Amino acid sequence: MAKTRPKDPAARPRWPRFVLLLAVLFIIDAVLVGGDVADRLLNGGTEDEGSESAQATQLLEDAFPASEPNLVLVVSATDGGTVDDRAVAADGIRLAERLAFQPDVSGVTSYWATGAEQLRSEERDHALILAHIEGTEDEAQAVLERLEPDFRGAPEGTERVEVRIGGTVAAIGEVQETISEDLLTAELIALPLTLIILILVFGGVVAALLPLGVGVVAILGTNAALRVVTEFTDVSIFAQNLTTALGLGLAIDYALLIVRRYREELAGGLAPREAVARTVRTAGRAVLFSALTVAVSLSAMLVFPLYFLRSFAYAGISVVLLAAAAALVLLPAVLLLLGHRVDALRVRRRRAPATAAVTDDGGAWRRIAATAVKHAPLVAIGTTVVLVVVGLPFLRVEFGTTDDRQLPETAEARVAQDIIRDDFDSSATATVELVARQADSERDAEGIEAFALRLSELPGVSSVDSPVGTYEDGVRTVSETPAHALRAHEGMSHLSVVPESGIEVSSAEAQEIVLGARDLAGQADFRAFETMVGGDAAVLEDSKQAISSRLGWALLIIVGASLLLMFLLTGSLLIPVMSVVLNALSLSAMFGAVVWVFQDGNLSGALGFTATGTIEVTLPVLMFCVAFGLSMDYGVFLLSRVTEEYRRTGDSPGAIVAGVQRTGGVITAAALILSVVLVAIGTSRITNTKMLGLGVALAVIVDSTLVRGLLLPAVMRLGGRLTWWAPAPLRRFQERFGLREEVPEPPGPPSTAGEPPARPRKQEAVLEDAP
């Protein structure tokens, strides 16, 4: 009988190569599937599609296309002429006629056809041609691309005019193009800087490339996932920015933790296979809990009916799960294949394990934590006051809608709209549009007239245009309104409520007009016909209502899941509450800075944006969910190590100091890298993207320094042993299902308050050049 050949313990298993092969196939498929994802993403989604304003907008587009123009041609007289000159007027008329005969274009009107003064600039050097391009957003963009060569600049057949193309369709196209260009720029900035930081952190090229590779896998995979999602629902183009930021940031965070722990275990004398196994059991479980926490925070955006917010949930959940999967499956396989060669191509010498261990003097993070623990009341109060003061500007936040001013000043759609804003009568910027469905047009004609009269009496209303005339303060002033072509159509009537001069869309006066019109429509005298209120002011009101009505559910999901996951991590009832409260406090700094900078316009010149006096209504929700998830991510890193130290020594102050000491480097490195990525995103020329990138970058910096280094240690010290308390049944539940990053070792004597715990075993030594 042949003897069985003993298995070589040094032989590497085959599964890592199989995993690597699957990863290569996955990357190839992701590139093929997600290559055209940018062309499938949309620029809208900031309104509730089921709201009254959205339904009114759709009815107006279908029945009264002239009332909802999405294409504007700003026709400017050249050679010092005016739009009333015979040659200029002839050019304008020809352009309008040519546009009217274009396929998929309807509702064409112009200054020369109507004589309406609101379609002519005050200096008579500009006039407008308005039109509506039919179809979906993608179809409208295709039509615009076809029209642009024939209508931009000095169109063929004209002599005395210059044409600039504006309107919603043009602005959307320029936003999409600008975002795509800026995203490429951000990646070109972030990737090299990230690699340089990783090389400095790890001291070697091979170890530095591993986190970067995990990030690339997460980004490519998420692009493919978004491309699949676009087959079933609308996805915002802004979601791609989150994909890049979280894909690189979180993947690098997770890979940093995994590679750092693996190198510790190798330095402690374990073979690569055992080092990988222990790394996955310890740091790997922290990565899993962290990914779940971030994914839950982002999933809260699914409760909102605005696809702008839901898009970030699609992108965020995908990228978080893919980053965690790559860190927990692909990265261990690569580490097994590399073995000790993970430290190959070093750029500086690595200290020996004996000298790299944590020494009595600890280092900067130990001193910071020890100071916070020693002077806990002063540190807690002082840090809290700083965060509250920085966050105070958010108390005067004004919510608004996005317009062309988020584009750079040189964008043609922005230039066209700036001319309209500066040179035209701006009294109708917050116009409220109403559409009334009539069962009997003749019988309801008197009702429409009475309704228009009552609308004109509402506070803040300048005039009301209707099919039967124009009304001011309850009096008919014009028998008909040809400028707006407000005719009854298939049992429907269009009424346009013009606010007084100076009333902006986001103002309280505009919102009062919307609410007043809706209240009037619901009165018994006007129930014979169904009335829906639309326009930008109504869209803003409905968006705020859609967010506020579901905000409680979103917070319940985020807070409830975070409390549960943090309890499973620590086994304490108080620490999860501390984490949630302190995270919310740290985010106040972000929100205060956003209002001070982007709403008030401070630093607008340095950062290159135009302040509008408002914050887009969906952005605070988005920024809260993203920043809260990232804050909890760092909380998992810190508290998992603090908990491990406390279980080992039973000394709460010492465990706090040791936990901060051992994770301060990895959190700092991770926060620095994520901030670099977010700031690169913040270089975008689109204001909303700039706000998202720079705002969340500030939140990450504040959380990783003030909160994790000072505030949380101080508050935990103030809690004393109560910090770790939980009822016996819950503690047994946590011990069975929770996270325990423990490796058996002989117990050491507890350290004194404020001092580090007993010297860690060799394999737990923190290498000086490890993050």
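Predicted, not measured: the structure shown is a model, and the values here were computed from it.

**Some points on the overall build of the protein chain**
Each helix and strand in the protein chain was counted, giving 24 helices and twelve strands. Relative to its full complement of 771 residues, the protein chain shows a buried share of 57%. In the protein chain, the proportion of contacts linking residues at least 24 apart, taken out of those at least 6 apart, comes to 80%. Of the accessible surface of the protein chain, which amounts to about 31,400 Å², a share of 59% is contributed by carbon and sulfur atoms.

**Remarks on the pairing of strand 8 (residues 469–472)**
Both strand 7 (residues 461–466) and strand 8 contribute to a ladder of three bridges, which runs antiparallel. In the sheet register, V464 faces strand 8, and the bridge partner there is Y471. The loop that links strand 7 with its antiparallel partner strand 8 comprises two residues.

**A closer look at a nonpolar patch on the surface**
Together, F18, L21, L22, V24, L25, I28, L32, V33, V228 and F232 make up a nonpolar patch on the protein surface, roughly 990 Å² of accessible area in all. By residue number, the principal contributor to the nonpolar patch is helix 1 (residues 15–34), which donates eight residues. Tracing the chain through its elements places I28 in helix 1.

**Some thoughts on the side chain of R648**
Its place among the elements puts R648 in helix 21 (residues 619–649). In this structure the side chain of R648 is engaged in a polar contact, spanning 2.8 Å, whose partner is the side chain of E645.

**Re the environment of A208**
As for its placement among the helices and strands, A208 is situated in helix 8 (residues 205–229). Sequence-wise, A208 and A255 are 47 residues apart; in three dimensions their C-alpha atoms are separated by 9.6 Å. If near-sequence neighbours (up to four positions away) are discounted, A208 is found in contact with L195, L198, I199 and F202.

**Quick word on the environment of L99**
Here L99 lies in helix 4 (residues 86–100). Judged by relative accessible area, L99 falls into the buried class, the value being 1%. Note: C-alpha distance between L99 and L147 (48 residues apart in sequence) is 8.5 Å. Sequence-distant contacts of L99, defined by excluding residues within four places in its chain, comprise L71, L73, V105, V108, I129, A131, L147 and F151.

**Some words on the nonpolar core**
Y254 and L256 are the most contacted members of the largest nonpolar core, which totals 200 residues. No other element matches helix 11 (residues 307–338), which puts 19 residues into this core. In contact with Y254, other than residues within four places in its own chain, are V287, S290, A291, V294, V320, A323, A324, A327, D633 and F637.

**Remarks on the sheet that holds strand 3 (residues 126–133)**
Judged by pairing direction, the sheet is antiparallel, and its four strands sit side by side in the order 2-3-1-4 without closing on themselves. The two strands at the open ends of the sheet, each matched to only one other strand, are strand 2 (105–110) and strand 4 (161–166). Strand-to-strand twist across the sheet, computed as the mean angle between neighbouring axes with direction ignored, equals 20°. Across six bridges, the pairing between strand 1 (residues 71–77) and strand 4 is antiparallel. Counterpart to V72 in the pairing with strand 4 is G166. Docked against the sheet, helix 15 (residues 412–423) engages strand 1, strand 3 and strand 4, running at close to 105° with respect to strand 4.

**Some remarks on helix 23 (residues 687–719)**
Its maximal kink placed at V707, helix 23 deviates by approximately 50°. Just downstream of helix 23 lies G720, where phi reads positive at about 60°.

**Focus on a negative patch on the surface**
A surface patch of negative charge is lined by D39, D62, D104, E134, D138 and E139. By the element assignment, E139 lies in helix 6 (residues 137–151).

**Looking at the packing of aromatic side chains**
In this description, an aromatic ring pair is defined by two values, namely the gap between the centres and the angle between the planes. Counted according to the given criterion, the structure contains eight aromatic pairs. Ring centres 5.8 Å apart and planes at 70° place the aromatic pair Y111 and W112 in the edge-to-face group. Here the two residues Y111 and W112 agree in accessibility, since each one is buried. What links up through ring pairs into an aromatic cluster is the set F238, F308 and F312.

**A look at the environment of A271**
With respect to the helices and strands, the residue A271 is situated in the loop between helix 9 (239–267) and helix 10 (272–299). Separated by 65 residues in sequence, A271 and L336 place their C-alpha atoms 9.9 Å apart.

**Remarks on the confidence of the model for the protein chain**
Across the protein chain, pLDDT averages 82, with 89% of residues at or above 70. Ranking the helices and strands of the protein chain by mean pLDDT puts helix 14 (residues 376–391) first, with 94, and helix 12 (residues 353–356) last, with 36. Across residues 1–11 the pLDDT falls below 50, and counting only partners more than four positions away or on other chains, this stretch makes two contacts in the model. Below a pLDDT of 50 lies the segment residues 352–362, which in the model reaches 17 contacts outside its immediate sequence neighbourhood of four places, other chains included.

**Here we look at unusual backbone geometry**
Only a minority of non-glycine residues have a phi that is not negative, and only a minority of peptide bonds are not trans. One non-glycine residue with positive phi stands out, namely D79, at about 60°. Its place among the elements puts D79 in the loop between strand 1 and helix 4. Within the chain, L603 stands out as a residue other than glycine whose phi angle is a positive 70°. Examined against the element boundaries, L603 turns out to sit in the loop between helix 19 (574–599) and helix 20 (604–607).

**Notes on the packing of helix 17 (residues 508–521) against helix 18 (residues 536–570)**
Between helix 17 and helix 18, the least distance of the axes is 9 Å, while the angle of their chain directions is 85°. Looking at the two axes, helix 17 sits roughly perpendicular to helix 18. Residues A510, Q511, V514, L515 and R518 of helix 17 form the contact with helix 18, whose participating residues are A537, A538, L540, E541, D542 and K544.

The rules behind the values
- Position numbers for residues count from 1 along each chain, tracking the sequence in the order it is written.
- Local features in this predicted model are restricted to residues of pLDDT 70 or higher, and side-chain atom pairs are both shown and tallied only at a pLDDT of 80 or more, whereas totals for entire chains, interfaces and linings draw on every residue.
- Just so you know, side-chain values use all the structure's heavy atoms and leave hydrogens and water out.
- Segments assigned H or I by DSSP are reported as helices when at least four residues long, segments assigned E as strands when at least two residues long, and all are numbered from the N terminus.
- Burial classes: relative accessible area under 20% of the type maximum marks a residue as buried, over 50% as exposed, and values in between as partly exposed (1.4 Å probe, protein chains only).
- Only heavy atoms matter for contacts: two residues are in contact if any of them lie within 4.5 Å across the pair.
- The Shrake-Rupley method, run with a 1.4 Å probe sphere, supplies the accessible areas, and residue values consider only the shown protein chains as cover.
- Being paired, for any two strands, means DSSP has found at least two bridges between them.
- Residues enter a patch when their relative accessible area is above 30% and they make no salt bridge; the linking distance is 9 Å between like charges and 5 Å between nonpolar side chains (Val, Leu, Ile, Met, Phe, Trp, Tyr).
- By definition, a salt bridge exists where a carboxyl oxygen of Asp or Glu is found within 4 Å of a side-chain nitrogen of Lys or Arg.
- In protein, a polar contact means a hydrogen-donor-capable atom and an acceptor-capable atom, both N or O and within 3.5 Å, with residues adjacent in sequence counting only if both atoms are side-chain atoms; elsewhere, any N or O pair within 3.5 Å suffices.
- Here, nonpolar core means buried Ala, Val, Leu, Ile, Met, Phe, Trp, Tyr and Cys residues that are tied together by side-chain atoms lying within 4.5 Å of each other.
- Orientation is described by lines fitted to C-alpha atoms, with helices fitted over the stretch in contact, and by angles between N-to-C directions that extend from 0 to 180 degrees.
- Values of bend correspond, residue by residue, to the angle between axes fitted over the seven residues ending at that residue and the seven starting there.
- Within this scheme the basic residues Lys and Arg register as positive and the acidic residues Asp and Glu register as negative, but His and the chain ends are omitted.
- By convention, the point assigned to a charge is CZ for Arg, NZ for Lys, CD for Glu and CG for Asp.
- Working definition: rings of Phe, Tyr and Trp (its six-membered ring) pair if their centres are within 6.5 Å, and the pair is stacked with planes under 30 degrees apart, edge-to-face with planes over 60 apart, and tilted otherwise.
- For every residue, the predictor assigns a confidence score, pLDDT, that lies between 0 and 100.
- Working rule for angles: under 35 degrees goes down as roughly parallel, over 145 as roughly antiparallel, 65 to 115 as roughly perpendicular, anything else as oblique.

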